Amino acid sequence: MAGHSKWANIQHRKGRQDEKRSASFSKIAKEITVSAKMGGGDPSFNPRLRLAIDKGKGVNMPKDKIDNAIKKGTGEIEGVEYVEIRYEGYGIGGAAVIVDCLTDNKTRTVADVRHAFNKYGGNLGTDGCVAFQFRHCGQLLFAPGTDEAALMDAAIEAGADDVLSNDDGSVEVITAPNDYMAVKDALEAAGFKAEYGGVTMKAENETQLSGDEAVRMQKLIDVLESLDDVQEVYTSVVMDE
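Source: prediction; values computed, not measured.

**Things to note about the nonpolar core**
Within the largest apolar cluster, 22 residues are counted, with the highest numbers of intra-cluster contacts made by Val 99, Val 113, Met 217 and Leu 224. Mapped by element, the contributors of at least two residues to this core are strand E1 (83–90), strand E2 (96–103), helix H5 (106–119), helix H8 (211–226), strand E9 (230–235) and strand E10 (237–239). Sort the elements by how many residues they give to this core and H8 lands first, with six residues. Not counting the four nearest positions on each side in its chain, Leu 224 is found in contact with Val 97, Val 99, Val 113, Ala 116, Phe 117, Val 230 and Val 233. Judged by nonpolar contacts, the second largest core, of 15 residues, contains Leu 140, Ala 155, Val 171 and Phe 192.

Here it is in structure tokens:
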């Protein structure tokens, strides 16, 4: 069994992220470009690209923007060279934080990330200081009331790594990162549509915060996520409603 407030916390984060993504497609375009550069422009043979395109479609990103981002990655259109950087640190109450970035200026990015940590009560740490507390995996979250037994059978058949039951009745299906899209498609074909899904860094242990500490932690997360070079923020924190 997993944390009791998993459903509420993931739904809350998903809602906030969707609001930010629908306001700007630039971060998803970056991910599409880098994915195409690394693995080619055909999503059928590039799981990371397919996932990035899926994110874009999820927030109604125009097809021409998706296509242009792919062409920048494959070199058909001239584009900016981005590098991937991961920063690790601690938030309120010692909560573990991972910040994944795509940038064309590492000096600017580290300054912005460090400033956010320092200003809003966190501490930027060294490489590897918290990564061991997370599992790189695909994650699909299904609403309370889902037929767990049937979902488990379908997930095992689809090649999922694990099925987790949460105290709030929601169910998580965990996959290897590169298997995420195949498992998602197989489960949808079996009649199971996840409320949330993605390739993520899943915290092995959670840090529970409430009251003022939760408010301060949310502010730190919001500020980090608002930075242009930041793609994803992962944290061990679980906040009481």
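**Topic: the sheet that holds strand E3 (residues 123–124)**
Consider a sheet: its strands pair through backbone hydrogen bonds, and that pairing is either parallel or antiparallel. Pairing is antiparallel in the open sheet, where four strands are placed in the order E3-E1-E2-E9. Only two strands of the sheet have a single neighbouring strand rather than two, namely E3 and E9. Strand direction decides the pairing type here: E1 and E3, joined by two bridges, are antiparallel. Counted as the bridge partner of Tyr 90 is Asn 123 from E3. Packed on one face of the sheet, H8 meets E2 and E9 and runs near 155° to E9.

**Concerning the packing of helix H6 (residues 148–158) against helix H7 (residues 180–189)**
Following both chains from N to C, one finds H6 and H7 inclined at 135°, their axes separated by 9 Å at the closest point. Between H6 and H7, the crossing angle belongs to the class labelled oblique. The element H6 and its partner H7 pack so that their crossing is right-handed. Along the contact surface, H6 presents Leu 151, Ala 154, Ala 155 and Ala 158, while H7 presents Val 183, Ala 186 and Leu 187. Grouping the amino acids of the contact of H6 with H7 by side-chain chemistry returns seven nonpolar, no polar and no charged.

**A word on the environment of Lys 106**
Checked against the element boundaries, Lys 106 lands in helix H5. Spatially, the C-alpha atom of Lys 106 lies 9.3 Å from that of Glu 84, the residues being 22 residues apart in sequence. Sequence-distant contacts of Lys 106, that is, excluding residues within four places in its chain, are made with Val 83, Ile 85 and Tyr 87.

**Observations concerning the UniProt feature "domain: TACO1/YebC-like second and third" (unreviewed entry) in the protein chain**
In the numbering adopted here, UniProt assigns the feature "domain: TACO1/YebC-like second and third" (unreviewed entry) to residues 82–236. Helix and strand shares over residues 82–236 are 33% and 34% respectively, and the end C-alpha atoms of the span are 27 Å apart.

**Re a negative patch on the surface**
A contiguous patch of negative charge, built from Asp 147, Glu 148, Asp 153 and Glu 157, is present on the exposed surface. Locating Glu 148 in the fold gives a position in helix H6.

**Some details on the environment of Ala 194**
As for its position among the elements, Ala 194 is in the loop between H7 and strand E7 (196–203). Judged by its relative accessible area of 21%, Ala 194 is partly exposed. Residues Ala 194 and Glu 172 lie 22 residues apart in sequence; the distance between their C-alpha atoms is 9.0 Å. Ignoring any residue separated from it by four or fewer positions in sequence, one finds Ala 194 in contact with Leu 140, Leu 141 and Phe 142.

**Quick word on the sheet that holds strand E6 (residues 171–175)**
The antiparallel open sheet is built from four strands, whose spatial order is E5-E6-E4-E7. Each edge of the open sheet is held by one strand with a lone partner, namely strand E5 (162–165) and E7. Between one strand axis and the next, the sheet turns through 35° on average, direction left out of account. Pairing analysis gives eight bridges linking strand E4 (residues 134–142) to E7, with the strands arranged antiparallel. If you follow Leu 141 over to E7, its bridge partner there is Tyr 196. Helix-sheet contacts for H7 involve E4, E6 and E7, and the interaxial angle to E4 is about 15°.

**Re helix H3 (residues 47–58)**
An ideal rise of 1.5 Å per residue puts 16 Å on twelve residues; H3 measures up with 16 Å between its terminal C-alpha atoms. Among all positions of H3, only Leu 49, Leu 51, Ala 52, Ile 53 and Gly 56 are buried.

**Looking at the pattern of salt bridges**
Summed over the entire model, instances satisfying the criterion amount to 16 salt bridges. Between Arg 48 and Glu 31 there is a salt bridge, with the nearest N and O atoms lying 2.8 Å from each other. With Arg 48 in helix H3 and Glu 31 in helix H2 (residues 26–39), this residue pair connects regions lying 17 residues apart in the sequence. As a salt-bridge pair, Asp 54 and Lys 184 come within 3.8 Å of each other at their nearest N and O atoms.

Thresholds, definitions, all that
Along every chain, residues carry numbers that run from 1 in the direction the sequence is written. Residues qualify for local features only when their pLDDT is at least 70, as the model is predicted, and side-chain atom pairs are given and counted only at 80 or more; totals for whole chains, interfaces and linings, by contrast, use all residues. To obtain the side-chain values, all non-hydrogen atoms of the structure were included, while hydrogens and water were left out. Among buried residues, those of type Ala, Val, Leu, Ile, Met, Phe, Trp, Tyr and Cys that are joined through side-chain atoms within 4.5 Å constitute a nonpolar core. Between buried and exposed lies partly exposed: a residue is buried under 20% and exposed over 50% of the maximum accessible area for its type, with that area taken using a 1.4 Å probe on protein chains only. A run of H or I in DSSP becomes a helix once it reaches four residues, and a run of E becomes a strand once it reaches two; helices and strands are each numbered from the N terminus. Should any heavy atoms of two residues lie within 4.5 Å, those residues are counted as being in contact. Strand pairing is defined by DSSP finding a minimum of two bridges between the two strands. To obtain each axis, a line is fitted to C-alpha atoms, and for helices this fit is confined to the stretch in contact; angles are then taken between N-to-C directions over 0 to 180 degrees. For classification, angles of less than 35 degrees are called roughly parallel, those exceeding 145 degrees roughly antiparallel, those between 65 and 115 degrees roughly perpendicular, and all remaining angles oblique. Handedness of a crossing follows from how the near helix is turned relative to the far one, being left-handed for an anticlockwise turn of less than a right angle and right-handed for a clockwise one. Think of it as three bins: nonpolar holds Ala, Val, Leu, Ile, Met, Phe, Trp, Tyr, Cys and Pro, charged holds Asp, Glu, Lys and Arg, and polar takes everything else, Gly as well. UniProt positions are given in the numbering used here, feature names are shortened, and annotations may be inferred rather than shown by experiment. Patch rule: a residue counts if its relative accessible area is over 30% and it has no salt bridge; like charges are joined within 9 Å, and nonpolar side chains (Val, Leu, Ile, Met, Phe, Trp, Tyr) within 5 Å. A 1.4 Å probe and the Shrake-Rupley method give the accessible areas. Residues count as covered only by the protein chains that appear here. Any Lys or Arg side-chain nitrogen found within 4 Å of a carboxyl oxygen on Asp or Glu counts as a salt bridge. Neither His nor the chain ends is counted toward charge; the positive residues are Lys and Arg and the negative residues Asp and Glu. Taken as the charge centre is NZ of Lys, CZ of Arg, CG of Asp or CD of Glu, depending on the residue. Take the number of residues in a helix, subtract one, and multiply by 1.5 Å to get its expected span.

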